[in-house]
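Read off the chains here:
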Amino acid sequence: MLLDNINDPKDLKKLSVSELETLAGEIRQFLVEKLAATGGHLAPNLGVVELTLVLHYLFDSPTDKFIFDVGHQSYVHKILTGRRDRFDTLRKYKGLCGFVKRSESEHDVWEAGHSSTSLSAAMGMALARDLKGESNKVVAIIGDGALTGGMALEALNHIGHEKKNLMVILNDNEMSIAPNVGALHHYLGKIRTDRHYQKAKEELNSLLNKIPAIGGKIAKTAERFKDSLKYLLVSGILFEQFGLTYFGPVDGHDIPSLMEIIKQASQVEGPVLVHVVTVKGKGYSPAEADSFKWHGATPYKIESGQMLKAVGPPMYTDVFADALMELAEKDERIVAITPAMPGGSGLMKFAGRFPHRMIDVGIAEQHAATMSAALAMEGLKPVYAVYSTFLQRAYDQVVHDICRQNLNVVFAIDRAGFVGADGETHHGVYDIPFLRHVPNLVLMMPKDENELRNMMKTAMDYNDGPIAVRYPRTNGLGVPIDPEMTAIPIGSWEVLRSGEQVAIVAIGPMISVAEEAADLLKREGINPRIINARFVKPLDEEMLRSLAEDGMQIVVLEEGAELGGLGSAVMEFYSQQQIFGVNVRIIGVPDVFVEHGSVKEQRAETGLTAERVAADVKTMMPRRTRMATGQ
Ligand SMILES: Cc1ncc(C[n+]2csc(CCOP(=O)(O)OP(=O)(O)O)c2C)c(N)n1
Ligand SMILES: CC(=O)[C@@H](O)[C@H](O)COP(=O)(O)O
Ligand SMILES: [Mg+2]
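None of these values were measured; they are calculated from a predicted model.

A.B. asks: Is there a simple way to explain the overall build of the chain in this structure?
C.D. replies: The secondary structure content of the chain amounts to 25 helices and 19 strands. Taken against the 2.2 N^0.38 rule, which gives 25 Å for 631 residues, the C-alpha radius of gyration of the chain at 28 Å falls within 12% of a compact globule. If one aligns the C-alpha atoms of the chain with their principal axes, the spans along those axes are about 100 × 55 × 50 Å. Every one of the 631 residues in the chain was classed for burial, and the buried ones make up 57%. Taking all contacts inside the chain whose residues are at least 6 apart in sequence as the whole, residues at least 24 apart take part in 76%. Surface exposure of the chain reaches about 25,600 Å², of which carbon and sulfur atoms provide 54%. Each charge class in the chain was averaged separately, 67 positive and 80 negative side chains, and the resulting centres sit 2 Å apart.

Given below as structure tokens:
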């Protein structure tokens, strides 16, 4: 296999075009085989095999810098840069990261995970290069989905202003995760597919080139005529207007054409954009047929294309979506909004049932937030479904447009807590700290899927401002589901286990960990109280007072950042209320980024385990109890 001899991009430069084509086939086979065992972003990577090969063939990474937007499509880049042998560890604990990772290779010059940052990074690297008097190439690879992100348009605007030498490769496969949305998507579609544009452009070029070189006035008129026709016909006029020289569209699977056009573009002064048209999932028929499903694959059977899904109780995502459907049947105010994650947020069924009440705005979390504010201003009940990590993008809109105006927006915050294989860029561990200090916002998290349904009802009945319910990327606990949803009193916590001396104040999936810890402690005659702190804001102040009055020591257990989380809120309460003598210990995510792996491994790494909680509780027992129990 040619692939066996590719350990560095330099090894590519010895190959002929036909050998590169053979190598492309080998890489596809490698991806399909490896990801069958590990899972991962199969379809995006199958779509960029030839493109990545040509980029590494023509340029000299890492001197020339490749900046992958999102970075989920960087597996081919990793294969070509000496990491082929690590693919059995893809997205596994201490294994190969599923995104670009600087600590893995000198060829990984820019990390991401969140979308639409590549053009800003490219601008920065081009500016730095020129200020340092260097001459390397800067190449951003951005997808048609990522291009709908506001940051990308901010950067395009600036790139066109600075006119620095840099290359934007637009990898246009018509797909975001779901089918792409938006005016930009339609514009690209026109360029991509309207043969009229292409044919007319070719005819125009050949006609104008036939005009013998004529001097003077006619030549100027002909040029002006060509320019005005170019305005009408040339494909990438939008990008040209942004100050980038547009090349394409080009077939992203045709190596000779790719080579030719990228070579051409690399010789042009100033910023250029090469419009590369690819097929997401290319070369593996199940992924080609349904690149939405195969954007992020679980392990699968290659022959049948059957993905191996974990069995068990319904995912919180699906419980949310089903509850929303039920509520929307009776409440016409409800409108669901998603920033490009209709699948991941569970809203596809909702869209099918209520096509006019599910809005996918593209990768535009900020826009989604402010649009939701306006929907609420007009008396509707917008449900903004968003991953915790992606809501980070819309912090100002949450504060400035929604909470400050005290508008009835419901935040359905999915992927709250550790997310596993996507790792540090995707964990939902900051939303409690970045939301709980914003005035007017209610923030809650259920202990199980039945309580999630009740919280959905709570949110719909609550019309005194914004309210957020957060839930993890896991299956529910398999508890019985009440047919009727019942609203929960805002700010009310729940004693799940009576006990004395130490109270474990836990939230969400940490309640199960607390119960396991209590079971361990019971064997030693220690019986902690367990509290479901289902409202982060407002706190259950009455419960907190009674814990102090009972002389309880408190352990707060949360799968979120310790700094500024629920535990901080509890500490602040006692301090602000001048209630002294309450010993509060916070067990949460420490002040570090937690890399990819399984949720279990991430909890073990950060000490969110029953064993650790039990050990901490024991150290907090009053001395006499410890003596009595032989501690
Ligand atoms: C800020 C942000 N929002 C949402 C996502 C989730 N996400 C990951 S990839 C993707 C689609 C990207 O589409 P495109 O750029 O066209 O890449 P393709 O997968 O088609 O190659 C989305 C929405 C993200 N990573 N970052
Ligand atoms: C790359 C990216 O951001 C998405 O594809 C993300 O990986 C989806 O996460 P889930 O698998 O949790 O839906
Ligand atoms: Mg795409």
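Read on, since the account is not over.
A.B. asks: Would you explain the UniProt feature "domain: Transketolase-like pyrimidine-binding" (unreviewed entry) in the chain in this entry?
C.D. replies: When the UniProt feature table is mapped to this numbering, "domain: Transketolase-like pyrimidine-binding" (unreviewed entry) covers residues 314-479. Secondary structure content for residues 314-479 is 40% helix and 16% strand, and the end C-alpha separation is 10 Å.

A.B. asks: Mind showing me how you'd approach the nonpolar core here?
C.D. replies: In terms of nonpolar packing, the biggest core is built from 88 residues, with Phe320, Leu324, Phe350, Leu391, Phe411, Trp493 and Tyr574 touching the most fellow members. Looking at this core element by element, the count peaks at 9 residues for helix α13 (residues 316-330). Residues Val32, Leu46, Leu51 and Ile141 belong to the second largest nonpolar core, which totals 54 residues.

A.B. asks: What's the story with the packing of aromatic side chains in this structure? I'm lost.
C.D. replies: Each aromatic ring pair is specified by the distance between its two centres and by the angle formed by the two planes. Under the defined criterion, the tally for this structure stands at 14 aromatic pairs. With a centroid separation of 4.9 Å and an interplanar angle of 75°, the aromatic rings of Trp294 and Tyr300 are classed as edge-to-face. Consider the rings of Phe573 and Tyr574, whose centres lie 5.4 Å apart with planes at 65°: the pair is edge-to-face. Residue class for Tyr574 comes out buried when judged on its relative accessible area of 3%. Through a chain of ring-to-ring contacts, three or more aromatic side chains come together here, namely Phe30, Tyr75 and Phe87. Over the face of the ring belonging to Phe354 we find Arg357, whose NZ or CZ atom lies 4.5 Å from the ring centre.

A.B. asks: Sorry, what's going on with the sheet that holds strand β9 (residues 358-360) here?
C.D. replies: Within a sheet, each strand pairs with its neighbour through backbone hydrogen bonds, oriented either parallel or antiparallel. An order of β9-β8-β10-β11-β13-β12-β17 is seen for the 7 strands of this open sheet, with the pairing classed as mixed. With partners counted over all chains shown, the strands left at the sheet margins are β9 and β17 (535-537), one partner each. Neighbour to neighbour, the strand axes of the sheet diverge by 20° on average, direction disregarded. Here helix α15 (residues 365-377) sits on the sheet in contact with β8 (334-338), β9 and β10 (381-387), set at roughly 165° to β10.

A.B. asks: Would you mind showing me how to read α13 here?
C.D. replies: In an α-helix there are 3.6 residues to a turn, and that puts residues three or four apart on one side. Taking 1.5 Å per residue, 15 residues should reach 21 Å; α13 reaches 22 Å between its end C-alpha atoms and fits that length. Tucked into the core, α13 has its buried residues touching β8, α14 (348-353), β10, β11 (410-414) and α19 (449-461).

A.B. asks: What should I look at first to understand the site of ligand 1 in this one?
C.D. replies: The full set close to ligand 1 counts 22 residues, and His72, Gly145, Met175, Lys280 and Glu365 are the nearest of them. Within the backbone of Gly113, an N or O atom sits 2.9 Å from a nitrogen atom of ligand 1. Asn173 has a polar side-chain atom sitting 2.9 Å from an oxygen atom of ligand 1. Looking at side-chain class alone, the shell around ligand 1 contains 8 nonpolar, 10 polar and 4 charged residues.

A.B. asks: Please explain the coordination of the magnesium ion (ligand 3) as it appears in this structure.
C.D. replies: Four donors placed tetrahedrally about a metal ideally form angles of 109.5 degrees, and six donors placed octahedrally ideally form angles of 90 or 180 degrees. Protein-derived coordination of the magnesium ion (ligand 3) comes from Asp144 (OD), Asn173 (OD1) and Met175 (O), at a distance range of 2.0 to 2.2 Å. Considered as a linear motif, the donors of the magnesium ion (ligand 3) on their single chain read D-x28-N-x1-M. Linking Asp144 in the loop between β2 (138-143) and α6 (150-162) with Asn173 in the loop between β3 (166-172) and α7 (183-193), this pair joins segments that are 29 residues apart in sequence. Here Asp144 matches Asn173 in class, with each residue buried.

A.B. asks: Help me understand the UniProt feature "binding site: Mg(2+)" (unreviewed entry) in the chain, please; the structure alone is not making it clear to me.
C.D. replies: Listed under "binding site: Mg(2+)" (unreviewed entry) in the UniProt record, and renumbered for this structure, are Asp144 and Asn173. Maximum C-alpha separation among the annotated residues is 6.9 Å over a sequence range of 30 residues, consistent with a single clustered spot. With residues near it in sequence (within four places) discarded, Asp144 still touches Leu170, Asn171, Asp172, Asn173, Glu174, Met175, Asn180 and Leu188. Asn173 sits in the buried class, given a relative accessible area of 10%.

A.B. asks: What am I meant to see in the sheet that holds strand β1 (residues 65-68) here?
C.D. replies: Pairing is parallel in the open sheet, where 5 strands are placed in the order β1-β2-β3-β5-β4. Both edges of this open sheet fall to β1 and β4 (245-251), since each of them pairs with a single strand only. Looking at each pair of strands side by side, their axes are set apart by 20° on average, direction ignored. Helix α5 (residues 118-131) rests against β1, β2 and β3 of the sheet, and its axis sits at about 175° to β2.

Cut-offs used in this document
- Residues numbered from 1 in each chain as written.
- Chains lettered and ligands numbered in written order.
- Predicted model: local features only at pLDDT ≥ 70, side-chain atom pairs only at ≥ 80, totals over all residues.
- Heavy atoms only, no water.
- Helix = DSSP H or I, 4+ residues; strand = E, 2+ residues; numbered from the N terminus.
- Rg over C-alpha atoms; globule rule 2.2 N^0.38 Å.
- Buried < 20%, exposed > 50% of the residue type's maximum accessible area, 1.4 Å probe, protein only.
- Contact = heavy atoms within 4.5 Å.
- Areas by Shrake-Rupley, 256 points an atom, 1.4 Å probe, with all protein chains shown as cover.
- Lys, Arg positive; Asp, Glu negative; His and termini not counted.
- Charge placed at Lys NZ, Arg CZ, Asp CG, Glu CD.
- UniProt positions renumbered as here; feature names shortened; annotations may be inferred.
- Core = buried A, V, L, I, M, F, W, Y, C linked by side-chain atoms within 4.5 Å.
- Phe/Tyr/Trp six-rings, centres within 6.5 Å; stacked < 30°, edge-to-face > 60°.
- Lys NZ or Arg CZ within 6 Å of the ring centre and 35° of its normal.
- Pairing = 2+ DSSP bridges.
- Axes fitted to C-alpha atoms, helices over the stretch in contact; angles between N-to-C directions.
- Expected span 1.5 Å × (residues − 1).
- Near = heavy atom within 4 Å.
- Polar contact = N/O pair within 3.5 Å; in protein donor to acceptor, adjacent residues only side chain to side chain.
- Nonpolar A, V, L, I, M, F, W, Y, C, P; charged D, E, K, R; others polar.
- Donors = N, O, S within 2.8 Å, 3.2 Å for Na, K, Ca; no water.

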